[in-house]
Amino acid sequence: MSPAVLYRQLPGEGLDTFIAEFRKAAARDPFGTVFIVPTSYLAREVARRLGDGGASFVADTVTTLPGFARKVFFEHAAAETPISAADSRLILTRLLAAGRYPLLAGTGAVDELATLFDVLIMRKVDYPAALGDLASAKSAEIAALFGAYLRFLDGHGLVDESTLFSRAVRLLAAGEFRTVFAYGLFEPMPLERDLLLALRESADEFHYSLPYAPNPAVFPDDGEWLHPDMVVSGDAPDSHLSHLAGLFSRREPGDCGKFIRLAERRDREGEVRAIAQEIRDLLAAGVRPDEIIVAFPDLASAVPYVEEVFPDFALPYTASGGRPLSASPLVQALLSVLAVPARGYRREDVVALMTSPYLPNAGGCELDILSREARITAGNWDGRLAALIFALEEERARPDSAQSRLAEKIASIDAARNTVRGLFADLSVLEGTKTIREHLAAYRSLLERWQAPVMPAEGEPDLREDEARDLRGFMETLAALDRVSRLFPEEKVALLEFSSMLTLLLAGTRTGRRRHGNAVRVVGVREVAHLAVPYLFVGDLVEGTMPRLTTRLPFTTDAETRRLATRSKEDILREERYHFLAALLAARTRVSLSYPAADGATPLVRSGFVDAVREAFSPETWGNSDLPDSRLAAARRAGALLARGEVPAGMPPPLTLREAVRRLNVENYHRKGGYDSPYDGMLGDDPALTERFGDGAVFSPTALETYADCPFRFYLERVLGLAPLPQIDPDLTAQERGALVHRIAYRFYSGWTCDGNGPVTDACYADALRRILDAGREEAERFAFETPAWAADKEHLLGSPAAGRGLLERFLRHEAEVAASRFVPHAFEVSFGLPLAPGEVDAASVPDAVAIPLGDGTIRLRGRVDRVDVMSDGRFMITDYKTGSSHHRLKDIMAGKALQLPLYLRAVETLTGREGVAGTYYTLRRGEVKNKPIFWDAGLKECFSCFPGSGRSSVGDVRDLVDTTLSWVQRYLAGIRGGCFPPRSDAGPCPAYCGFKTVCRFDALRLITAEGNPDGTD
């Protein structure tokens, strides 16, 4: 047995001595000397220091304990093959797929099982015997799967990252490693101890530095399990380091001077900004960037904040670790090739594939719009696009259609259809159930044929380097999957399962990050131990991240975890305390701790470790809200000065003083108070507007109502011709539902009156019901929907024994109830100013717009009146069908917001020479069927008494009401022609149906505080 020397030292203490002794031993015996450290980060740091000192050594002799086990295995094992953690998870996936473990299935089961098996192996747990009377059917399944997994590894000559240790213990030859230095290992697990003891047995010299301080709350391991021949105590003198080492103990508070500081920040971004400013101050004082480390308990979640903030402060930094390959945009694009057919050609998957810059397809943006219009969600792309072409061809056949526009759109859809056909033909080779190797072959062949991925020939060098690295990692992962597939040569899997396997491997493979020499190091807290760094920042010290007390093993209860004797809550807390304390001990000049008070609107609880530091050392605070080196903060300060009329000393590049003043004037002057500038849509006189919307222009009531509600929306829709993306609705849209009800009502009443029938009464009700239901069924059959929602819509429309009376029957019943009004249905779908489609409009329709006198001029109107009911003396009432949940009232007409009914009434008066006396909204929807008069001549009270809710809508003179509407229209026309397009003047919320919310400058608070009228007038 070799002499073993045990060094009990504070974390980081004695490392220089160990490095110096290793350098000497390695010079004498380079292959027989090994240096084992706890983290890969520390291994790289030791290797760097050796290299900087000019020492020659074998690279893999400075390593971690798992790295050493791997080194022993590779040098001796000829018949076995090591596999990665991702490979072992893939094997578990295949074993679970056999279907013999129903209690273990579920999302995340593979990762949790892999974690459990790793603990059982490394801690040498006799499972399930260790459970005793707590054993259950679930534990029996776990044991069966665990046994099957180990047998699979043995049967195929495989060794995973856990069983590697036991193999290394067995393979370690006596005298192979003659001088061993093991530094900083904290509480090795049983299997790790076995390997260390085997080394101790075989080496000539064995030096073991144990992290230790007389503080049992953190350091219970005294190293006696190693049976040392000599123990060297490295007790630190009475200094701030010894005081730090007593943290979490019951010692009296110590004095650390200004060595340790503490700060609270508002949120995580503010915390990282404060750290960045402190670093800039250090750099200004002459500290080198590589003399600073920033550590976080959860590095992965902190890195995005660092990536956003540090460039704003012009800080060079390098982050340890790496991201999963599956998070790479390039890799995600390549995975989308599999995802499209695997997930049934979903619309969003196809569009993502077609718009990816890494794939050689084009036209994705146009396909996005066309697939929305075709209402494709997944599957039948060709049929849906063909149906859209058919609908446009039908529209094109109408005499009122825009022939050239429709022909162009049909050609565009046809081209997209051919593109999709070609794409799906290519992807079809991936479909079906195949062996893993067959899937791989088909996938590689397709990528090769597509010459994918498409790598840019130029661009940002760092980004191109990242993409090249990600591509290499992706290809290596395909090769790894190919190797693993040989373990299942005949097993066939579906494409979705193959895609999941590849994604699993990519998620378990991490890419390295770019490393910079003289840069601030951003690391995880566990990586800081044993380093010697002048300045250390430790952030995000909140409960849940530090300490992270996760005690229960996966697939086990708390009682089972205790019975297995793995790790108790106290063990985990001690380990978390150790890593925190070891990080503090790594700082040589100053350590700055911090924590965020909130995450967005969610308050956070500061770590108990923060309270322990406060109680033990009474640390000073650090930082302030002033961030002089932030370009963003500098821009805000400069803006504040300019807003007060002061001139800042300098402007953050690339912003010039002139440009900053211009922007501030826009926000602080032009976009305050009333709408009065081009920045609010007040464009002023423009000949193009005058020509386009002049006396010859034709307007619809809907367009004018849009202007009345929000001139800016009118500008976007009617002037610029913009439209929001179509909503993807696989069922009937609100617009289609309205059109369906309109067509049924038109067909019914046009046929009913043509046959000489009058109002629907009880005497003719049965015949009328038969006719309208026949028309309803025929119109419903025009839609090819097959969804449950459409089936429910039809039942609601037509009725059924289960659902009761449908909408059409309730409509007829209401018609019979108001038949006593003396108004008789007379004309239906009266169109003017629109091309006439035979069989779809009333005989009274005209193709020309109706000219209505308007002050000194006229307005030309177009539109379609749903229904005109007449009295025996020729006076009439107009009705507009509404299938939505809300409509205007009389007060909206008076306020100039509702224009449709008055304008339609005047248009019909102009066409027929008759007098209009009322306007109604006929609500036809699931919860309500009612014809409600919005205004009616007060002299016809007896006619409207049978209409529900009509008592408050009578007017003394309908013509005056219409004239009031025309005066509003005159005002709106002047605004349109004068280039007045501000946001809406109503301080209430914008309507939910508006699709322009993302580009709107509407601000209700501005209207409340504005002086004068919102449209800028006096």
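The model shown is predicted, which means the values in this text are computed figures rather than measured ones.

On a plain count of helices and strands, the chain comes out with 36 helices and 28 strands. Since a compact globule built from 1018 residues should have a radius of gyration of about 31 Å, the 39 Å found for the chain marks it as more spread out than a globular shape. Principal-axis analysis of the C-alpha atoms gives the chain an extent of 120 × 75 × 60 Å. Scored against the burial criterion, the 1018 residues of the chain give a buried share of 49%. A separation of at least 24 residues holds for 76% of the contacts in the chain among residues at least 6 apart in sequence. With the model as given, the accessible surface of the chain reaches about 46,500 Å², and the carbon-plus-sulfur share is 52%. When the 120 positive and 140 negative side-chain charges of the chain are each reduced to one mean point, those points stand 1 Å apart.

With that out of the way, let us pick up the nonpolar core. By size, the foremost hydrophobic cluster in this structure holds 118 residues, and its most contacted members are Ile91, Phe117, Tyr208, Val337, Leu427 and Tyr443. Residue contributions to this core peak at 10 residues, all from helix α5 (residues 109-122). In this view, valine 337 contacts Leu353, Leu359, Leu427, Leu430, Tyr443, Leu446, Leu447 and Trp450; residues no more than four positions away in its chain are not counted. In this structure, Phe22, Ala25, Leu584 and Val610 belong to the second largest nonpolar core, which totals 62 residues.

All right, on to the packing of aromatic side chains then. All chains considered together, the criterion is met by 46 aromatic pairs. Summarising the aromatic geometry, the rings of phenylalanine 811 and tyrosine 922 are spaced 5.3 Å apart at their centres and angled 55 degrees between planes, so their arrangement reads as tilted. With phenylalanine 811 in helix α31 (residues 807-817) and tyrosine 922 in strand β26 (residues 916-925), this pair connects stretches of sequence that are 111 residues apart. Tyrosine 922 gets classed as buried once you look at its relative accessible area, which sits at 0%. An aromatic cluster of at least three residues, connected via ring pairs, comprises Phe693, Phe699, Tyr707, Phe712, Phe714, Tyr715, Trp968, Tyr972 and Phe981. Sitting over the ring of tryptophan 622, arginine 265 keeps its end group 5.4 Å from the ring centre.

Attention now moves to the packing of α5 against helix α6 (residues 137-155). Running from N to C, α5 and α6 cross one another at 75 degrees; their axes reach a closest spacing of 11 Å. When the interaxial angle is binned, α5 and α6 end up roughly perpendicular. Of the residues in α6, those in contact with Leu113, Leu116, Phe117, Leu120 and Ile121 of α5 are Ile142, Leu145, Phe146, Tyr149 and Leu150.

So, about the packing of helix α30 (residues 788-798) against α31. At a closest axis distance of 4 Å, the pairing of α30 and α31 adopts a crossing angle of 25 degrees. With respect to α31, the element α30 is oriented roughly parallel. Of the residues in α31, those touching α30 at His796, Leu797 and Leu798 are Leu807, Leu808 and Arg810. By residue class, the composition of the contact of α30 with α31 is four nonpolar, one polar and one charged.

Right, let's get into the pairing of strand β6 (residues 179-183). The element β6 is extensively covered by neighbouring structure, given that five of its five residues are classed as buried. Burial along β6 is two-sided: the residues Thr179, Phe181 and Tyr183 and Val180 and Ala182 are all buried. Here strand β2 (residues 33-37) pairs with β6 via four bridges, running parallel. Among the inter-strand pairings, valine 34 is bridged to a residue of β6, identified as valine 180. As judged from the five bridges shared by β6 and strand β7 (residues 205-211), these two strands associate in the parallel manner.

Quick look at the sheet that holds strand β20 (residues 698-699) now. Across the sheet, which stays open at both edges, the three strands sit in the order β20-β23-β22 with mixed pairing between neighbours. Each of the sheet's edge strands pairs with one partner strand only, and the pair in question is β20 and β22 (850-854). Both β20 and strand β23 (residues 857-861) contribute to a ladder of two bridges, which runs parallel. Across the sheet, residue valine 698 finds its bridge partner in β23, namely arginine 860. Against the sheet, helix α33 (residues 900-912) engages β22 and β23, with an angle of about 110 degrees to β22. Packing of helix α35 (residues 958-977) onto the sheet brings it into contact with β20, β22 and β23, and relative to β22 it is tilted by some 95 degrees.

A word on the pattern of salt bridges. Under the definition given, this model contains 74 salt bridges. The partner of arginine 343 in a salt bridge is aspartate 349, and the shortest N-O contact between them spans 3.0 Å. We classify aspartate 349 as buried; its relative accessible area is 9%. Glutamate 779 is the salt-bridge partner of arginine 782, the closest N and O atoms lying 3.4 Å from each other. The buried category is assigned to glutamate 779, whose relative accessible area is 7%. One continuous salt-bridge network, built from bridges that share partners, spans Asp755, Asp767, Arg770, Arg771, Asp774 and Arg777.

So, about the sheet that holds β2. Two pairing modes exist for strands in a sheet, parallel and antiparallel, and in both the strands are linked by backbone hydrogen bonds. Strand order in the open sheet formed by six strands is β3-β2-β6-β7-β1-β8, and the pairing between neighbours is parallel. The open sheet terminates on both sides in strands that have one partner only, identified here as β3 (62-64) and β8 (230-234). Averaged over all pairs of adjacent strands, the angle between their axes in this sheet comes to 20 degrees, without regard to strand direction. Two elements, strand β1 (residues 4-9) and β7, share six bridges in a ladder whose sense is parallel. The residue of β7 that forms the bridge with valine 5 is histidine 207.

Assignment of secondary structure puts alanine 898 in the loop between α32 (890-894) and α33. Taking the C-alpha atoms as reference, alanine 898 lies 9.1 Å from histidine 887; in sequence the two are 11 residues apart. Here alanine 898 is in contact with Glu705, His888, Asp892 and Ile893, once residues within four sequence places are set aside.

This part is about helix α14 (residues 364-373). Those residues of α14 that sit buried are Gly364, Leu367, Asp368, Leu370, Ser371 and Arg372. Residues of α14 that are buried sit in contact with α13 (347-355), α15 (381-397) and α16 (403-427). Note on α14: the residue one or two positions beyond its end, arginine 375, has a positive phi of about 60 degrees.

Bringing unusual backbone geometry into the picture now. That bond from tyrosine 127 to proline 128 is cis: its omega, 5 degrees, falls within 30 degrees of zero. Across the junction of methionine 546 and proline 547, the peptide omega takes the value 5 degrees, indicating a cis bond. Here proline 547 lies in the loop between β15 (533-538) and α20 (558-564).

With that settled, the discussion passes to the environment of alanine 319. Structurally, alanine 319 can be placed in strand β11 (residues 317-319). Taking the relative accessible area as the measure of exposure, alanine 319 reaches 6% and is therefore buried. Remark: the alpha-carbon pair of alanine 319 and valine 522, spanning 203 residues in sequence, is separated by 4.6 Å.

Compared with an ideal rise of 1.5 Å per residue, which puts 15 residues at 21 Å, helix α17 (residues 436-450) spans 21 Å between its outermost C-alpha atoms and is within 8% of the ideal. Inspection of α17 places Ile436, His439, Leu440, Ala442, Tyr443, Leu446, Leu447 and Trp450 among the buried residues, and these make up the whole buried set. With its buried residues spanning 165 degrees around the axis, α17 presents them on a single face. Looking one or two places after α17, you find glutamine 451, whose phi comes out positive at around 55 degrees.

Along the chain, aspartate 221 falls in the loop between β7 and β8. One buried charge, aspartate 221, has no salt-bridge partner; the nearest side chain with opposite charge is arginine 193, at 4.2 Å. At a separation of 2.9 Å, a polar atom in the side chain of aspartate 221 contacts the main-chain amide nitrogen of glycine 223. There is a polar contact of 3.1 Å between the side chain of aspartate 221 and the side chain of tryptophan 225. Those residues in contact with aspartate 221 that lie beyond four places of it in its chain are Glu187, Pro188, Arg193, Leu210 and Tyr212.

Glancing now at the side chain of glutamine 277. Tracing the sequence through the fold places glutamine 277 in helix α10 (residues 268-284). Overall, the relative accessible area of 5% leaves glutamine 277 in the buried class. In contact with glutamine 277, other than residues within four places in its own chain, are Phe313, Asp626, Leu627, Pro628, Asp629 and Ser630.

It is worth spelling out the state of the cysteines at this point. Considering all chains together, one arrives at zero disulfides under this definition. The closest cysteine sulfur to the non-disulfide-bonded cysteine 943 is located on cysteine 946, 8.1 Å from its own sulfur.

Each regular strand displays side chains that alternate between the two surfaces of the sheet. Across the seven residues that make up strand β25 (residues 876-882), a large majority, six, are buried. Inspection of the sheet shows β25 paired to β26 by seven bridges, in the parallel sense. By the bridge assignment for β26, lysine 882 is matched with threonine 923.

Parameters and conventions
Residues numbered from 1 in each chain as written. Predicted model: local features only at pLDDT ≥ 70, side-chain atom pairs only at ≥ 80, totals over all residues. Heavy atoms only, no water. Helix = DSSP H or I, 4+ residues; strand = E, 2+ residues; numbered from the N terminus. Rg over C-alpha atoms; globule rule 2.2 N^0.38 Å. Buried < 20%, exposed > 50% of the residue type's maximum accessible area, 1.4 Å probe, protein only. Contact = heavy atoms within 4.5 Å. Areas by Shrake-Rupley, 256 points an atom, 1.4 Å probe, with all protein chains shown as cover. Lys, Arg positive; Asp, Glu negative; His and termini not counted. Charge placed at Lys NZ, Arg CZ, Asp CG, Glu CD. Core = buried A, V, L, I, M, F, W, Y, C linked by side-chain atoms within 4.5 Å. Phe/Tyr/Trp six-rings, centres within 6.5 Å; stacked < 30°, edge-to-face > 60°. Lys NZ or Arg CZ within 6 Å of the ring centre and 35° of its normal. Axes fitted to C-alpha atoms, helices over the stretch in contact; angles between N-to-C directions. Parallel < 35°, antiparallel > 145°, perpendicular 65-115°, else oblique. Nonpolar A, V, L, I, M, F, W, Y, C, P; charged D, E, K, R; others polar. Pairing = 2+ DSSP bridges. Salt bridge = Lys/Arg side-chain N within 4 Å of Asp/Glu carboxyl O. Expected span 1.5 Å × (residues − 1). Arc of directions from axis to C-beta. Polar contact = N/O pair within 3.5 Å; in protein donor to acceptor, adjacent residues only side chain to side chain. Disulfide = S-S within 2.5 Å.

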